[in-house]
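# Structural overview
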Amino acid sequence: MTDWIGILKEQTVTGDQMGREVPQMLANPDISEAQVKTLFAALEKQADFAEKLRLALEKFGHDFPVIKAAERLEERYADLAASVAEKLKTMRGQAVQNR
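Scoring rules and cut-offs
- Residues numbered from 1 in each chain as written.
- Predicted model: local features only at pLDDT ≥ 70, side-chain atom pairs only at ≥ 80, totals over all residues.
- Heavy atoms only, no water.
- Axes fitted to C-alpha atoms, helices over the stretch in contact; angles between N-to-C directions.
- Helix = DSSP H or I, 4+ residues; strand = E, 2+ residues; numbered from the N terminus.
- Parallel < 35°, antiparallel > 145°, perpendicular 65-115°, else oblique.
- Left-handed = near helix turned anticlockwise from the far one by under 90°.
- Contact = heavy atoms within 4.5 Å.
- Core = buried A, V, L, I, M, F, W, Y, C linked by side-chain atoms within 4.5 Å.
- Buried < 20%, exposed > 50% of the residue type's maximum accessible area, 1.4 Å probe, protein only.
- pLDDT = per-residue confidence, 0-100.
- Nonpolar A, V, L, I, M, F, W, Y, C, P; charged D, E, K, R; others polar.
- Salt bridge = Lys/Arg side-chain N within 4 Å of Asp/Glu carboxyl O.

When two helices pack together, their arrangement is captured by the angle between the axes and the distance separating the axes. Where helix 1 (residues 4–27) meets helix 2 (residues 33–59), the axes come as close as 11 Å, and the angle between the chain directions of the two elements is 155 degrees. Between helix 1 and helix 2, the interaxial angle falls into the category roughly antiparallel. Here helix 1 runs over helix 2; the crossing is left-handed. Side by side, helix 1 and helix 2 meet where W4, I5, I7, L8, Q11, M18, V22, M25 and L26 of the first sit next to L39, L43, Q46, F49, L53, A56 and L57 of the second.

Structure follows, in structure tokens:
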């Protein structure tokens, strides 16, 4: 049997870590567009996984606080992905201006 709560706890720790690290990465003036794209893809993948995890928790009838924690995790990854997308947009705008 799958330990959905254990997976949620593990993913929440990872999400907290990413919440601290992503802004630092984006603030690094030496970060490349390729690195930002890779980061965005990874965060999108994590957001998709968090959504599937939430759906599994709902399907197996976990309590509301557990579902709410999964929703927060999903939102965290979506917010991080959005901040990375904004950085990528800014980088592309600067590249156009520098031509």
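A few words on the side chain of Q11. Summarising the element assignment, Q11 is placed in helix 1. Other than its neighbours up to four places away in sequence, Q11 contacts Q46, F49, L53, L73 and Y77.

What follows concerns the nonpolar core. Residues L8, V22, L43 and Y77 are the most contacted members of the largest nonpolar core, which totals 23 residues. Contributions of two or more residues to this core are made by helix 1, helix 2 and helix 3 (64–97). Of the residues forming this core, the biggest block, 11 residues, is contributed by helix 3. Those residues within four positions of L43 in sequence are excluded, and the remaining contacts are M18, V22, Y77, L80, A81 and V84.

Should pLDDT be low for a region, the predicted coordinates there are not to be read in detail. The predicted model of the chain has a mean per-residue pLDDT of 93, with 98% of residues at 70 or higher. Averaged pLDDT values over the elements of the chain bottom out at 93 in helix 3 and peak at 96 in helix 1.

Relative to each other, helix 2 and helix 3 sit at 160 degrees, their axes nearing to 8 Å. As the angle between them shows, helix 2 and helix 3 are arranged roughly antiparallel. Two packed elements cross with a definite hand, and for helix 2 against helix 3 that hand is left-handed. Residues that form the contact of helix 2 with helix 3 fall into these classes: 20 nonpolar, 1 polar and 10 charged.

Here we take up the pattern of salt bridges. Here the structure, examined in full by the defined rule, presents 6 salt bridges. A salt bridge links D16 to R76; its shortest N-O distance comes to 2.1 Å. Of the two residues, D16 sits in helix 1 while R76 sits in helix 3, which places them 60 residues apart along the sequence. A salt bridge links E33 to R92, with the nearest nitrogen and oxygen atoms 3.2 Å apart. Of this pair, E33 sits in helix 2 while R92 sits in helix 3; the two residues are 59 residues apart in sequence, bridging distant segments of the chain. Judged by relative accessible area, E33 falls into the partly exposed class, the value being 27%. Three or more residues are tied together by salt bridges with common partners; here these are E33, K37 and R92.

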